[in-house]
Amino acid sequence: MRRGSALLCLVLLTGCGTGPSLENRGAVTASPGDSKHLTIGSAGFTESDLLAQMYAQLLDQAGYKTSMLTVANRELYEPALESGQIDVVPEYAATFADWLNAKTHGAGAPPVGSPDLATTMKALRSLATPRGLTVLDPGRAVDQNAFAVTAAYARQHHLKTLSDLGASHLPVRLAAGDECVQRPYCEPGLKKTYGIDITGVDPKGVGTTQAKRAVQSGQDQMVLTTTTDATLDEFGLVLLADDKHLQNADYIVPVVNRSRAGSEGVTKALGKLNDVLTTADLASMNQQVDSWRRLPADVARTYLKDKGLLK
């Protein structure tokens, strides 16, 4: 199913434009559209599938007819969003802002995403609007990079935050992606912002089973993962709070094609998630799909009904 959807999008993209022309991108003045048939995009991983399913079910209840399209590559689904082949997609504020910034100003452009949500949203909207995209309000849920240690290690050294770890002066070998040695949110940031003594980076990937097992066994002391990682308990791991806000504001935001889905009806339907969906909720739903093998559509429906958002 997923492979077929991605292939469909690839076929469609070969003959389509990519949104407003360059000469018109400074002033997108078309009225917000309200198409009753909307395509919801997913980036093809568990959390994106869950968010897309929740968007679709909320829009269905609001009187729209929806279909799903999975495209695992932002280089493909973002142009499809601009052109209206995809109408709504879940995104991450800081990451998407930096991606659009690089697309607009070049790969060497300074990042515009930051730990401050208001600053990040302002930058994101200024980049999205000329492309015919509207970024809806973020809610409470955020999927940021995060760092975990074993619960036993945290208890032994009285650690609750990354500041605690820095103050402990403990030598720390970090399981992460190999790019961690250069990324400002990873090894350099941990050293500069928190004073953590990173003795080396063990290149086992971000939040992979291999990386978590390395920390569980004591081979490494800390692992780079995400705030919505659903499997930490299985490895006896706990997150250390990013108390000095090293990580960017990757709050979850719906992004819509303004000319097709920029209406108040779409905004109101999707906005219902803002008051209820939390980071912990997402982690729990991820676990139900990844560990319990439940279908994203079923997990999404149960959650929305439990929260009183679906009849």
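These figures come from a predicted structure and were not determined experimentally.

Some thoughts on the overall build of the chain
The helix and strand inventory of the chain stands at 13 helices and ten strands. Whereas a compact globule of 311 residues would reach a radius of gyration of roughly 19 Å, the chain reaches 20 Å, a difference of no more than 12%. If one aligns the C-alpha atoms of the chain with their principal axes, the spans along those axes are about 60 × 45 × 35 Å. Considering the chain as a whole, with its 311 residues, one finds that 52% of them fall into the buried category. Expressed as a percentage of contacts within the chain between residues at least 6 apart in sequence, the contacts between residues at least 24 apart total 76%. Side-chain charges of the chain comprise 31 positive and 33 negative groups, with the mean position of each set lying 4 Å from the other.

What to know about helix H12 (residues 279-290)
With twelve residues, H12 should cover 16 Å at 1.5 Å per step; its first-to-last C-alpha distance of 16 Å lies within 8% of that length. Taken as a whole, H12 has its buried residues at Thr279, Asp281, Leu282, Ala283, Met285, Asn286, Gln288 and Val289. Elements in contact with the buried residues of H12: helix H2 (46-61), strand S10 (252-257) and helix H13 (296-306).

Structural notes on the nonpolar core
Formed by 33 residues in total, the largest nonpolar core has its most connected members in Met54, Leu59, Leu273 and Leu277. Mapped onto this core, the elements with two or more residues apiece are strand S1 (37-42), H2, strand S3 (88-92), S10, helix H11 (264-271), H12 and H13. In terms of residues, this core owes the most to one element, H2, which gives eight residues. In contact with Leu273, other than residues within four places in its own chain, are Met54, Tyr55, Leu58, Tyr303, Leu304 and Leu309. Grouped together as the second largest cluster of nonpolar side chains are 23 residues, Val172, Leu190, Ile196 and Leu224 included.

Considerations on H2
Working note: α-helix, 3.6 residues per turn, so residues spaced by three or four point in the same direction. Its 16 residues place the ends of H2 23 Å apart at the C-alpha level, agreeing with the 22 Å of an ideal helix rising 1.5 Å per residue. Summarising burial for H2: 14 of the 16 residues are buried, a large majority. Positive phi appears at Gly63, one or two residues downstream of H2, with a value of about 100 degrees.

Examining the sheet that holds strand S5 (residues 145-150)
If you walk across this open sheet you meet the five strands as S7-S6-S8-S5-S9, and the pairing is mixed. Across the chains shown, the open sheet's two edge strands, defined by having one partner strand only, are strand S7 (197-203) and strand S9 (237-240). Here the strands of the sheet are splayed against their neighbours by 40 degrees on average, with no regard to which way each runs. Judged from the four bridges that link them, S5 and S9 form a sheet pairing that is antiparallel. Note that in S9 the partner of Val149 across the bridge is Val238.

Describing the packing of helix H3 (residues 74-83) against helix H4 (residues 93-105)
Where H3 meets H4, the closest approach of the two axes is 12 Å, and the angle between their N-to-C directions is 85 degrees. By the angle between their directions, the pair H3 and H4 is classed as roughly perpendicular. Across the interface between the two elements, Arg74, Glu75, Glu78, Pro79 and Glu82 of H3 pack against Thr95, Phe96, Trp99, Leu100 and Lys103 of H4. Of the residues contributing to the contact of H3 with H4, the split by class is four nonpolar, one polar and five charged.

A look at the packing of H2 against H12
Running from amino to carboxyl end, H2 crosses H12 at an angle of 110 degrees, the nearest separation of the two axes being 9 Å. In this view, H2 runs roughly perpendicular relative to H12, as classed from their interaxial angle. The segment H2 lies against H12, with Thr46, Glu47, Leu50, Leu51 and Met54 engaging Leu282, Met285, Asn286, Val289 and Asp290. Each residue belonging to the contact of H2 with H12 can be placed in one class, and the counts come to six nonpolar, two polar and two charged.

The rules we used
Residues numbered from 1 in each chain as written. Predicted model: local features only at pLDDT ≥ 70, side-chain atom pairs only at ≥ 80, totals over all residues. Heavy atoms only, no water. Helix = DSSP H or I, 4+ residues; strand = E, 2+ residues; numbered from the N terminus. Rg over C-alpha atoms; globule rule 2.2 N^0.38 Å. Buried < 20%, exposed > 50% of the residue type's maximum accessible area, 1.4 Å probe, protein only. Contact = heavy atoms within 4.5 Å. Lys, Arg positive; Asp, Glu negative; His and termini not counted. Charge placed at Lys NZ, Arg CZ, Asp CG, Glu CD. Expected span 1.5 Å × (residues − 1). Core = buried A, V, L, I, M, F, W, Y, C linked by side-chain atoms within 4.5 Å. Pairing = 2+ DSSP bridges. Axes fitted to C-alpha atoms, helices over the stretch in contact; angles between N-to-C directions. Parallel < 35°, antiparallel > 145°, perpendicular 65-115°, else oblique. Nonpolar A, V, L, I, M, F, W, Y, C, P; charged D, E, K, R; others polar.

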